[in-house]
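As a plain string of letters, each chain reads:
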Amino acid sequence: MGQHSVRGEGASGGAGTRRTSPDADSGTAEESGTSDTAAAAGSRAVGADGVRAGRGAGAKGAGTGGSRAKNGTAKGGTSGPPGKGARGGGDGGGGKPRRPRKRRVLRWSAIVLSVLILGTAGAGYLYYQHLNSNLETDDLNLGDHRAPEPTPNSAGQTPLNILLIGSDARDSKENQKLGGAKETFGGPPLADVQMLLHLSADRSNMSVISMPRDTLLTIPKCTDPDDGKVYPESGPRTMTNESLGRGGPGCTVATWEKLTNIHINHFMMVDFAGVVSMADAIGGVPVCVDKNIHSRTSEGKGSGLKLEKGTTNIKGEQALQWLRTRYGFEGGTDISRAKAQHMYMNSLVRTLRENTGLTSPNRLRKLAENATRALKVDPGIGSPLKLIGLGNELKKVSPERTTMTTMPFEYSGARVVPKPGDAEQLFRLVRDDIALDGKGKRKPAEEKLSDDPAAPDGEIALQVQNGTRTATEPAAGGRASAVAQELAGLGFVKAAPDTSASVTEDRTVIRYPSVDLEGDAQRVAKSLGMPLSSVKKSTDVSGVTLVVGADWREGDKPKKAAKQDDSTPDSADALSGSDKKACMKVDPNFTW
């Protein structure tokens, strides 16, 4: 991807700066194993190659080179008192005369060893800094609204949501050659691949939701972090892939959060050239087609993918063709393309977990180089060590507990829109951290009364926000004001509407910022007949805040929650990560 610049906070949170401890490149990487994602697997090479040279030096922790040098000198160059069996350099026996020559030789050996340790540790640090400089970062969210963070489970764990973005940018000769469409060179990039990866709080399962690139929706207002340009909110029939050209990947993140109300922790973005280089470095990924396929129309359209029936190990440009193929797969739509991408990702994860072909230090070095050059990420994972940490989290999930899905949709002309009911159902399952594979039971929320006594009703300051908008329905007008009046009638005379916030909640919730307000929040819930599980601590609010959800679009109280169906909708077309027999169906018009 050429030269990369750092945007936003920088790798370590400082403005455009990177601060990395020389001892950061240590045993963590060496112990990390092979990651489940290309990004984390690439970063693993920092430990596997950049530090591996110093393995004999014991590159296991902070400041290892120096500390081991001291220990080496002590162990190899000092002798204990006679008769104590001095380590490495003493007489080794009681009463025997010392041997100064041997002692000098061992001490000299320890000094040489120390120099080697320091040298290899320095090389590891320099290599880490090199990889660190490869990574390009950008702001996480360019919108004015953030979806609320999920409530930790009983063990204090929270889910992790990562948006994977594939850019079709033609901003270099290499990307232009790979992507074609010469007339688009230098134009705004499009987010033609969008996948939300959800890692459960207990790290037992992982879910992926793909959104077709031609999904029609509203893109929120976004501000470009480079030049300050403000892109106003779009109309409700804007293709989702246009979000990337409105300031960068942070606008695509903002668009997903607005639609789904799922809090996104990180993003990773890759372009055409990055896909090719990563596929080459990995050594190929096996994919399957049920007939010979050649993705090329009589007008010259198509990815150019040409494969024989059965399983083929694809890499490089052929991998990019697979990920871009629409003409040739049965259906000939972005939906079939998303399914092919799911198969590729499942196979990629299995390849990385099985460590196939990745035992060579040279291969690991190449993977580290290509991964850090190919990716653009947010500052939260903007260093090789942070990517290693992320990879260690992802590798905890087995392929059997990984589920790939496509956002349920329905056609609107030649484009698609989220399918009423099913799309929101899928989003809710992810928000509530419910496994899409149907395994594992949902744990009931604990009902625990606060130790903090509530203030009198008339003294509780209460903000009311309208969160009745859903993926398929606009917000019910005037709900914040109407509910504030309802609360005043119940004695909460300080209840006031907050019309400045733009939020979305499927169920009405009451948030509070600190423990001294928990009792007040629970008192409001009790007055409305709401369960205590609807009261949640959140740093997104400054006081007790009631968010009117889609369950309270009318009436004087929220609707009681019926027993919810926690199954994944059939329209999500779920695919298990362990399915090695999955094979793309080929359109008979594109066989050879």
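The rules behind these values
- Residues numbered from 1 in each chain as written.
- Predicted model: local features only at pLDDT ≥ 70, side-chain atom pairs only at ≥ 80, totals over all residues.
- Heavy atoms only, no water.
- Helix = DSSP H or I, 4+ residues; strand = E, 2+ residues; numbered from the N terminus.
- Polar contact = N/O pair within 3.5 Å; in protein donor to acceptor, adjacent residues only side chain to side chain.
- Contact = heavy atoms within 4.5 Å.
- Buried < 20%, exposed > 50% of the residue type's maximum accessible area, 1.4 Å probe, protein only.
- Pairing = 2+ DSSP bridges.
- Axes fitted to C-alpha atoms, helices over the stretch in contact; angles between N-to-C directions.
- Disulfide = S-S within 2.5 Å.
- Phe/Tyr/Trp six-rings, centres within 6.5 Å; stacked < 30°, edge-to-face > 60°.
- Lys NZ or Arg CZ within 6 Å of the ring centre and 35° of its normal.
- Parallel < 35°, antiparallel > 145°, perpendicular 65-115°, else oblique.
- Nonpolar A, V, L, I, M, F, W, Y, C, P; charged D, E, K, R; others polar.
- pLDDT = per-residue confidence, 0-100.

**Student:** Please provide a residue-by-residue account of the side chain of Glu505, values included.
**Tutor:** Inspection of the secondary structure assignment puts Glu505 in the loop between strand 19 (495-497) and strand 20 (509-512). Within the structure, Glu505 has its side chain in polar contact with the side chain of Arg511 (distance 2.5 Å). Dropping the residues within four chain positions of it, Glu505 is found in contact with Pro148, Asn261, Gly467, Arg469, Arg511, Val547, Gly549 and Ala550.

**Student:** Break down the pairing of strand 10 (residues 285-289) for me, with residues and values.
**Tutor:** With four of its five residues buried, strand 10 lies for the most part within the structure. Where strand 10 and strand 13 (residues 310-314) come together, five bridges link them in antiparallel fashion. Note on strand 13: the bridge partner recorded for Val289 is Gly310.

**Student:** Let's hear about the sheet that holds strand 1 (residues 136-137): which residues, and what values?
**Tutor:** One open sheet holds the eight strands; their spatial order is 1-14-9-2-3-4-15-23, and the pairing between them is mixed. Two strands bound the open sheet, and with one partner strand each, they are strand 1 and strand 23 (575-576). Two strands pair when backbone bridges link them, and strand 2 (residues 160-167) and strand 9 (residues 266-270) are joined in this way by five bridges, in the parallel orientation. Of the residues in strand 9, the one forming a bridge with Ile162 is His266. Packed on one face of the sheet, helix 6 (residues 249-260) meets strand 2, strand 3 (191-199), strand 4 (206-210), strand 9 and strand 14 (376-377) and runs near 125° to strand 2.

**Student:** Help me get a handle on unusual backbone geometry, residues and values and all.
**Tutor:** Its identity as a non-glycine residue notwithstanding, Arg203 has a phi of 60°, on the positive side. Structurally, the position occupied by Arg203 is in the loop between strand 3 and strand 4. Note on Arg203: relative accessible area 15%, which makes it buried. Notably, Asn261 is not glycine yet its phi reads approximately 60°, a positive angle.

**Student:** Break down the state of the cysteines for me, citing the residues and quoting the values.
**Tutor:** Under the counting rule described, the total for this entry stands at two disulfides. The disulfide bridge from Cys222 ends at Cys251, spanning 2.2 Å between sulfur atoms. Its S-S torsion of about 80° marks the bond between Cys222 and Cys251 as right-handed, since a negative value means left-handed. Taken as a pair, Cys222 in strand 6 (residues 222-223) and Cys251 in helix 6 lie far apart in primary sequence, 29 residues in all.

**Student:** Pulling in residues and values, what's your account of the packing of aromatic side chains?
**Tutor:** Using the criterion set out here, one finds two aromatic pairs in the structure. On the numbers, 5.1 Å between centres and 70° between planes, the contact of Trp322 with Phe329 is edge-to-face. When its relative accessible area of 0% is taken as the criterion, Trp322 is described as buried. One cation-aromatic arrangement involves Lys306 over Trp592; the distance from NZ or CZ to the ring centre is 4.7 Å. Across from the ring centre of Tyr327, 4.8 Å away, lies the NZ or CZ of Arg326, which sits over that ring.

**Student:** Explain the sheet that holds strand 20 residue by residue, including any values.
**Tutor:** In space, the five strands of this open sheet follow the order 19-18-22-20-21, with mixed pairing throughout. On the outer flanks of this sheet lie strand 19 and strand 21 (535-537), each paired with one strand and no other. Neighbour to neighbour, the strand axes of the sheet diverge by 30° on average, direction disregarded. Alignment of strand 18 (residues 462-466) against strand 22 (residues 545-548), held across four bridges, turns out to be parallel. Directly across from Asn466, in strand 22, lies its bridge partner Val548. Sitting on the sheet, helix 13 (residues 479-489) is in contact with strand 18, strand 19 and strand 22, with an inclination near 145° to strand 18. Contacts from helix 14 (residues 518-527) reach strand 18, strand 20, strand 21 and strand 22 within the one sheet, and its direction differs from that of strand 20 by about 165°.

**Student:** How would you explain the side chain of Arg431 if you had to name every residue and give the values?
**Tutor:** Here Arg431 is to be found in helix 12 (residues 422-431). A distance of 3.4 Å separates a polar atom in the side chain of Arg431 from a polar atom in the side chain of Asp506. In this view, Arg431 contacts Thr260, Asn261, Ile262, Glu424 and Asp506; residues no more than four positions away in its chain are not counted.

**Student:** Help me get a handle on the packing of helix 8 (residues 316-324) against helix 9 (residues 334-353), residues and values and all.
**Tutor:** At a minimum axis separation of 7 Å, helix 8 and helix 9 run at an interaxial angle of 135°. In terms of orientation, helix 8 and helix 9 fall into the oblique class. Counting all contacts with helix 8, which are made through Ala319, Trp322, Leu323 and Arg324, the residues of helix 9 involved are Arg337, Ala340, Gln341 and Tyr344. Class assignment of the residues belonging to the contact of helix 8 with helix 9 gives a composition of five nonpolar, one polar and two charged.

**Student:** So what's going on with the confidence of the model for the protein? Residues and values would help.
**Tutor:** Residues with a pLDDT of 70 or more make up 73% of the protein, whose mean pLDDT is 78. Taken element by element, the protein is modelled with least confidence in helix 1 (residues 27-31), mean pLDDT 35, and with most confidence in strand 7 (residues 230-231), mean pLDDT 97. Note that pLDDT drops below 50 for residues 1-94; the model gives that stretch 197 contacts with residues more than four away or on any other chain. Low pLDDT (under 50) marks residues 174-185, which in the prediction has 27 contacts with non-local residues, meaning those over four places away or in another chain.

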